[in-house]
Every structure is written in structure tokens, then in C-alpha cells.
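Working through the structure, step by step
What follows is each chain in one-letter form.
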Amino acid sequence: MSENNVLKRASAAGLDNVVAAETALSHVDGEAGRLVIAGYDLEVLVASHDFEAAAALLWRTAGLDPAPDESAVRRQLGEARVAAFRLVPLLLASTKGLTVTEGLRAGLSLLSDEGDLPAHIRAVGAVPVFVAALCRREKGASAVAPVAHHGHAADFLRMLRGEPASEAEVTALNAYLVTVTDHGMNASTFTARVIASTRAGMISSIVGALCALKGPLHGGAPGPVLDMLDDIGTRENIMPWLRREIAKGERLMGFGHRVYKVRDPRADVFNKAVTLLTNGNERVLFARDVEKGALAALREAKPDQRLDTNMEYYTAILLEALGIPRSAVTAVFAMSRVVGWSAHVMEQERVGRLIRPQSAYIGHWPDEKAA
Ligand code: ACO
């Protein structure tokens with residue numbers, strides 16, 4: 001097979017450039033490095049919305065009727081966190097030995113399709129409660145109950161640590177959560193829409209989306225980014241380590257993206273947030289040096305590829321600065337992206353058409369086998 005055909009088949013296998021849905025929720029311009037969420041440029045959205053305001057915006061944009069206002073979303077999410085806490089004993093009893101992401105997957109599966117609050121609210125409210133309880137179990141601590149009138153980000157940090165976070169930390173976490181609410185037709189969002197198209201409902205769509213997010217090529221990269229920084233250890237070791245890994249055929253976590261061919265704009269938002277939060281401490285400076293080295297090593301080894309920093313690189317550093325355990329970074333990503341998934345489910349349910357593509361058969365035909 002010619003190299004061109006191999007490339008074409010790889011692109012087809014990854015559905016590259018295939019438009020799978022129409023959405024008003026977000027747009028990724030990979031050439032310009034621009035992300036628009038519900039009509040706002042990312043940087044403007046982050047500066048003007050906290051998590052609850054962004055969630056209300058996305059659900060309104062998805063056509064939720066009646067259109068939710070910010071204060072109703074705040075109140076309902078508080079109630080949903082309190083309701084989810086009642087499931088924590090069952091969650092902890094049934095997830096012994098599982099990772100935080102696996103535990104979250106089990107926890108979301110405990111939610112019923114029907115309930116007093118809408119399913120999307122119950123799911124979004126449950127994530128921080130379950131993640132905080134699962135993280136605390138890892139260090140042998142008991143779960144801390146939510147406080148309904150606290151903000152979502154502040155309540156999560158308090159449930160995680162057992163004490164309130166500073167205002168700067170809450171602001172930084174809100175910046176993170178708002179930034180990752182939605183991102184075009186990524187793998188987990190597509191998964192959610194496929195499941196929603198079968199009319200399986202909100203909770204099933206969200207559980208499936210989380211399963212897709214879990215992989216290291218999607219939401220599972222930040223943990224390995226921190227492992228990489230630890231492994232490199234010193235500035236002298238940056239280039240030898242990176243060159244050795246690339247030569248072994250390993251991928252550098254936090255670099256490369258299917259759509260962004262320039263720097264992921266989300267990486268800049270997180271870089272700014274972590275710099276403000278930590279006053280540009282040594283860890284951040286070291287991470288910047290590793291980033292420079294990685295971009296140089298990738299250019300050197302793969303001059304034909306356009307590989308730049310993706311958001312997972314600075315996600316790792318920002319969440320580490322917020323004291324979020326390495327084992328929980330994917331689950332904290334889900335804490336925000338669950339809003340985008342649910343909004344896409346709403347859009348997809350309105351479309352109402354089953355997603356059912358075709359495949360190309362490359363096996364034997366019965367008459368060929370007989371011959
Ligand atoms: N390090 C080294 N080489 C890379 C990297 C990387 N991070 N990313 C891509 N490449 C190379 C591939 O090895 C391949 O090279 P080759 O042609 O010499 O074999 C070439 O670039 C093209 O790679 P593809 O796999 O075709 O690119 P794709 O668009 O499928 O990859 C992906 C996107 C999966 C994100 C990839 O860049 C990657 O694996 N990155 C590391 C994991 C990561 O950071 N994931 C988080 C993504 S952001 C998010 O999902 C929220």
C-alpha cells in the first residue's frame with residue numbers, strides 16, 4: 001500500500017475531519033488556536049463566568065426548556081451535592097481497590113434515570129462529592145459532607161481537604177472548570193452523543209462518556225505528565241530524557257492534538273492561572289523548561305508533524321498546585337466536562353436521529369473461502 005493510502009486509511013480510522021454533528025456549544029479552530037464556547041472566546045468566558053454560570057450558559061445554549069438561570073443552577077447543584085452524599089457509603093463499599101476514575105464510573109452508575117432533580121443536575125452535582133470521597137479514602141480519611149450554599153469549586157476543595165480553600169485557589173479551580181466545560185466533538189462527547197442517540201438517557205450517556213475520557217490519549221494524560229516531570233528531575237536531564245523517550249517510540253504526554261496544530265489556547269489559560277496561584281514557583285519554572293525542551297525535541301525528531309503543547313500539560317501543573325492528587329486529575333476533568341456532555345445529550349436528543357454509520361467490510365466473502 002502506498003504511504004498516501006496508509007495515511008488516508010489512518011485518517012479514516014480516526015474519522016479525521018468528519019463532521020459528526022451540528023452544535024451551538026463550542027467550536028475549535030485548530031489552525032488559529034481559538035476556542036469559542038457558546039459564543040464567547042475562551043479567555044472572555046473564563047474572565048466573566050464561574051463554573052455554575054458557565055453551566056447555566058451551556059444548558060441554555062443547548063435549548064434546555066425552561067432556560068435555566070444562574071441562581072437556579074447554583075441552588076440545584078447544591079441540592080444535588082447533598083443528595084449525592086447519601087450515596088457515598090454505598091459508593092465506598094462497592095469500589096474497594098478501584099482507582100478514583102473507576103470509582104467515579106461506578107458512582108455515576110448508581111444514579112437513577114429518574115429523580116426529584118433533573119438527571120443532568122444530579123450527575124454534575126454528584127461528581128465532586130464522589131471524587132472527594134474517593135480521594136479521601138486513598139489516604140484513609142472519611143468523607144466530608146457538602147454544604148449546599150457553597151460554590152461548586154469551593155465546596156469540592158473543602159470536601160477534598162477537610163478545610164476551606166483560599167479565594168485564589170477557588171478562582172484558579174473555577175478558571176480550570178470553565179475552560180474545560182466543552183471542546184467540540186472530542187472522543188468522550190462523541191460517545192455521549194452516540195449513546196444519547198439511542199435514547200438511553202442522560203445518565204447512561206454520561207457514564208459512557210467518562211469511559212471514553214479515561215484513556216491516556218484523551219483525559220488520562222495529566223498524571224503521566226507529572227510522572228515525566230518527576231522522572232526528568234533536573235534541568236541537565238531534560239534533553240537526554242526527552243530524546244531517549246522519543247527514540248524509544250514513546251509519546252510525550254501533554255503534546256500533540258488531533259485538531260490543534262498550534263498551541264492549545266487552554267494551555268495558556270492554565271499557565272496564567274498556575275503562575276498567579278504559585279507566584280511562578282520552581283515547579284512551574286521547571287515545567288516551562290521541560291515544555292521548551294519537549295517542543296525542540298519533537299521538532300528535531302518529527303519535523304513533518306505539527307506537535308505543540310496541549311492543555312493536559314498545564315492541567316497537570318495547575319491541579320498539582322491545587323493539591324489535587326495525581327490519581328484524581330482525570331476525574332476532576334470529568335467534574336467539568338460532565339456539563340458539556342450533558343449539554344450535548346440535550347442537543348442530540350432534540351435531533352432525535354440514531355447515529356448509525358457504516359463500516360467497510362474487508363473480510364473474506366463466502367464464495368472466496370470455498371474456492
Ligand atoms: N509525542 C511524540 N510523538 C507524537 C505525539 C507526542 N505527544 N503526538 C503525536 N506524535 C507523533 C506520532 O507518533 C506520529 O508520528 P509518526 O508519524 O512518526 O508515527 C505523528 O505524531 C502523528 O500522530 P497521530 O497519532 O496520528 O496523531 P493524532 O492526531 O491521532 O494524535 C494525540 C493526537 C492522541 C493527542 C497524540 O498527539 C498523543 O498521543 N499525545 C500524547 C497524549 C496526550 O497528550 N493526550 C491528551 C490530548 S488533549 C485531550 O484529549 C484533552
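Worth saying up front: this structure is predicted, and the values here are computed from it rather than measured.

Check the secondary structure of the protein and you find 18 helices and three strands. Relative to the compact-globule value of 21 Å for 371 residues, the protein shows a C-alpha radius of gyration of 21 Å, a close match. With the principal axes as the frame, the protein shows a C-alpha extent of 60 × 60 × 40 Å. Taken across its 371 residues, the protein has 48% of its residues classed as buried.

So, about the domain arrangement of the protein. Entries for the protein in the domain assignment read domain 1 (42-216 + 327-351) and domain 2 (222-321). Computed over C-alpha atoms only, the centres of domain 1 and domain 2 are separated by 27 Å. Each partner contributes residues to the interface: domain 1 has 17 residues there, and domain 2 has 15 residues. Surface buried jointly by domain 1 and domain 2 totals about 1,300 Å² across both partners, of which 81% is contributed by carbon and sulfur atoms. Taken together, the links from domain 1 to domain 2 amount to zero salt bridges.

With that settled, the discussion passes to the packing of helix α8 (residues 152-161) against helix α9 (residues 167-179). Two numbers describe how α8 lies on α9: the axes approach to 9 Å, and their chain directions differ by 115 degrees. Judged on the interaxial angle alone, α9 and α8 are roughly perpendicular. The interaxial crossing formed by α8 with α9 has right-handed handedness. Across from A153, A154, F156, L157 and R161 in α8, the residues of α9 making contact are E169, V170, L173, N174 and L177. Broken down by class, the residue content of the contact of α8 with α9 amounts to seven nonpolar, one polar and two charged.

This next bit is on the site of the ligand. Looking at the ligand, there are 21 residues lining it, with R251, L252, F255, R258 and N310 nearest. Between the ligand and the protein, one listed contact pairs an oxygen atom with a backbone N or O atom of G254 at 2.8 Å. One of the side-chain nitrogen or oxygen atoms of R258 is found 2.8 Å away from an oxygen atom of the ligand. In isolation the ligand offers 920 Å² of accessible surface; the protein chains occlude 75% of this area.

Another point: the sheet that holds strand β3 (residues 40-41). Read from one edge to the other, the open sheet built from three strands follows the order β1-β2-β3, with strand pairing classed as antiparallel. The sheet is open, and its two borders are formed by β1 (26-29) and β3, each paired with just one other strand. In this structure, strand β2 (residues 34-37) lies alongside β3, joined through two bridges in antiparallel fashion. Among the inter-strand pairings, I37 is bridged to a residue of β3, identified as Y40.

For the rest of this paragraph, the subject is unusual backbone geometry. Omega for the peptide link from D65 to P66 comes to 0 degrees, which places this bond in the cis form. Tracing the chain through its elements places P66 in the loop between α3 (51-61) and α4 (70-85). Phi is positive for L15, which is not a glycine, with a value near 50 degrees. Locating L15 in the fold gives a position in the loop between α1 (3-13) and β1. At N17, a residue that is not glycine, the phi angle is positive and equals roughly 65 degrees. Along the chain, N17 falls in the loop between α1 and β1. Relative accessible area serves as the criterion here: at 80%, N17 is assigned to the exposed category.

Let's shift gears to the pattern of salt bridges. Considering all chains together, one arrives at 24 salt bridges under this definition. In this structure, E169 engages R161 in a salt bridge whose closest nitrogen and oxygen atoms are separated by 2.9 Å. For E169, a relative accessible area of 16% translates into the label buried. The exposure class of R161 is partly exposed, given its relative accessible area of 25%. In this structure, the salt-bridge partner of E282 is R235, at a minimum N-O distance of 2.9 Å. Residue E282 is found in helix α15 (residues 282-301), and its partner R235 is found in the loop between α12 (222-232) and α13 (238-247); the two are separated by 47 residues along the sequence. Accessibility expressed as a relative area gives 36% for R235, which makes it partly exposed. Here the residues in one salt-bridge network are D227, D230, R283, E320 and R326, joined through shared partners.

Within α12, burial applies to P222, G223, V225, L226, M228, L229 and I232. Elements in contact with the buried residues of α12: α13, α15, α16 (311-321) and α17 (329-351). Positioned one or two residues after α12, G233 has a phi angle of 75 degrees, which is positive.

Turning to helix α10 (residues 187-197), its buried residues number three or more, namely S188, T189, A192, R193, A196 and S197. Among the structural elements, α11 (202-213) and α17 are those in contact with the buried residues of α10. Note on α10: the residue one or two positions beyond its end, R199, has a positive phi of about 70 degrees.

A few words now on the packing of aromatic side chains. A complete count under the given rule lists four aromatic pairs for this structure. With a centroid separation of 5.2 Å and an interplanar angle of 85 degrees, the aromatic rings of Y313 and Y314 are classed as edge-to-face. You'll find Y313 and Y314 in the same group, each marked buried. With 4.7 Å between their ring centres and 70 degrees between their planes, Y361 and W365 make a pair best called edge-to-face. Since its relative accessible area comes to 51%, Y361 is described here as exposed. What makes W365 partly exposed here is its relative accessible area of 47%. Ring-pair connections join several aromatic residues into one group, and the members of that group are F255, Y313 and Y314.

Definitions and cut-offs
- Residues numbered from 1 in each chain as written.
- Predicted model: local features only at pLDDT ≥ 70, side-chain atom pairs only at ≥ 80, totals over all residues.
- Heavy atoms only, no water.
- Helix = DSSP H or I, 4+ residues; strand = E, 2+ residues; numbered from the N terminus.
- Rg over C-alpha atoms; globule rule 2.2 N^0.38 Å.
- Buried < 20%, exposed > 50% of the residue type's maximum accessible area, 1.4 Å probe, protein only.
- Domains from an automatic or database assignment.
- Contact = heavy atoms within 4.5 Å.
- Buried area = accessible area lost by both parts, 1.4 Å probe.
- Salt bridge = Lys/Arg side-chain N within 4 Å of Asp/Glu carboxyl O.
- Axes fitted to C-alpha atoms, helices over the stretch in contact; angles between N-to-C directions.
- Parallel < 35°, antiparallel > 145°, perpendicular 65-115°, else oblique.
- Left-handed = near helix turned anticlockwise from the far one by under 90°.
- Nonpolar A, V, L, I, M, F, W, Y, C, P; charged D, E, K, R; others polar.
- Near = heavy atom within 4 Å.
- Polar contact = N/O pair within 3.5 Å; in protein donor to acceptor, adjacent residues only side chain to side chain.
- Areas by Shrake-Rupley, 256 points an atom, 1.4 Å probe, with all protein chains shown as cover.
- Pairing = 2+ DSSP bridges.
- Phe/Tyr/Trp six-rings, centres within 6.5 Å; stacked < 30°, edge-to-face > 60°.

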